[in-house]
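# Observations on chain architecture
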Amino acid sequence: MKNLILKIADRLEEYVCSLIFLVMTFIGFANVLVRYLSNYSFAATQEILLNGFLLLTVFGAAIAARRGQHLAVTLFADMLPTALQPFVRWFSVFLGVLLLALSAWYCGEMVINQRASGIVSAGLQVPSWYYSLALPLGFLMIAVRLVQGAILEQKERAYV
């Protein structure tokens, strides 16, 4: 049971992205079908799909960070002596985590401000903070996965 929970937690972003993509596909298909059959469209589909793409981007970035597939410019790190390269790589991870933590903080502040001001979305008239609520969590997940990917990369380099 514990291994199942760890397996699910390790692939949480993939499950979230799969669910979001499934819902987006269904909503987009339903909109096309209704528009084709009746010459009307669902007004809120654009709003839902736009926010779905935003969430897919954030959680997809967490997947890429876990796999070590983020775009990285390592020209200067590769030119350094081999002994200094791990320090430079960990410094870049530190800076990345710092940037992601600040992004999570400011997104959290945005959610608080949206909730306090009562801003609603244009299409569905739901509170805007509903859409923004997953952003701080997503940025924190990217930070955790960035560290996880760096640890895995360091272990792989140690075996080479």
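Structure: see above.
In short, a report on the structure. Predicted model, so just to flag it, every value in this text is computed and none were measured. (Residues numbered from 1 in each chain as written. Predicted model: local features only at pLDDT ≥ 70, side-chain atom pairs only at ≥ 80, totals over all residues. Heavy atoms only, no water.)

This brings us to the overall build of the protein chain. In terms of helices and strands, the protein chain carries seven helices and zero strands. When the helices and strands of the protein chain are listed from N to C terminus, the series reads α-α-α-α-α-α-α. What you see for the protein chain is a C-alpha radius of gyration of 20 Å, clearly larger than the 15 Å of a compact globule of 160 residues, by over 25%. Referenced to the eigenvectors of the C-alpha coordinate spread, the extents of the protein chain come out at roughly 65 × 40 × 35 Å. Burial statistics for the protein chain: of 160 residues in total, 31% are counted as buried. With an accessible surface of roughly 11,300 Å², the protein chain has 72% of that area assigned to carbon and sulfur atoms. (Helix = DSSP H or I, 4+ residues; strand = E, 2+ residues; numbered from the N terminus. Rg over C-alpha atoms; globule rule 2.2 N^0.38 Å. Buried < 20%, exposed > 50% of the residue type's maximum accessible area, 1.4 Å probe, protein only. Areas by Shrake-Rupley, 256 points an atom, 1.4 Å probe, with all protein chains shown as cover.)

Turning our eyes to something else, we now look at the side chain of Arg145. Structurally, Arg145 is set in helix α7 (residues 134-159). Not counting chain neighbours up to four residues away, the residues in contact with Arg145 comprise Ala9, Asp10, Arg11, Leu12, Glu13, Ala62, Ala65 and Arg66. (Contact = heavy atoms within 4.5 Å.)

Before going further, it helps to examine helix α2 (residues 12-38). Its 27 residues give α2 an end-to-end C-alpha distance of 39 Å, which sits within 8% of 39 Å, the value for a rise of 1.5 Å per residue. Taken from the residues just after α2, Asn39 is the one with a positive phi, measuring 65°. (Expected span 1.5 Å × (residues − 1).)

This brings us to helix α5 (residues 85-117). With 33 residues, α5 should cover 48 Å at 1.5 Å per step; its first-to-last C-alpha distance of 48 Å lies within 8% of that length. Of the positions making up α5, those classed as buried are Gln85, Arg89, Val93, Gly96, Leu100, Ala104, Cys107, Val111 and Gln114. Phi turns positive one or two residues past the end of α5, at Gly118, with a value near 75°.

Another point: the packing of aromatic side chains. Any pair of aromatic rings gets described here by the distance separating the centres and the angle formed by the planes. Evaluation of the coordinates by the stated rule reveals one aromatic pair. When the centroid spacing of 4.8 Å and the interplanar angle of 75° are considered together, the rings of Trp129 and Tyr130 count as edge-to-face. For Trp129, a relative accessible area of 18% translates into the label buried. The class for Tyr130 is partly exposed, based on a relative accessible area of 48%. In this structure, Arg115 is placed above the aromatic ring of Trp129, and the distance from its NZ or CZ to the ring centre is 5.1 Å. (Phe/Tyr/Trp six-rings, centres within 6.5 Å; stacked < 30°, edge-to-face > 60°. Lys NZ or Arg CZ within 6 Å of the ring centre and 35° of its normal.)

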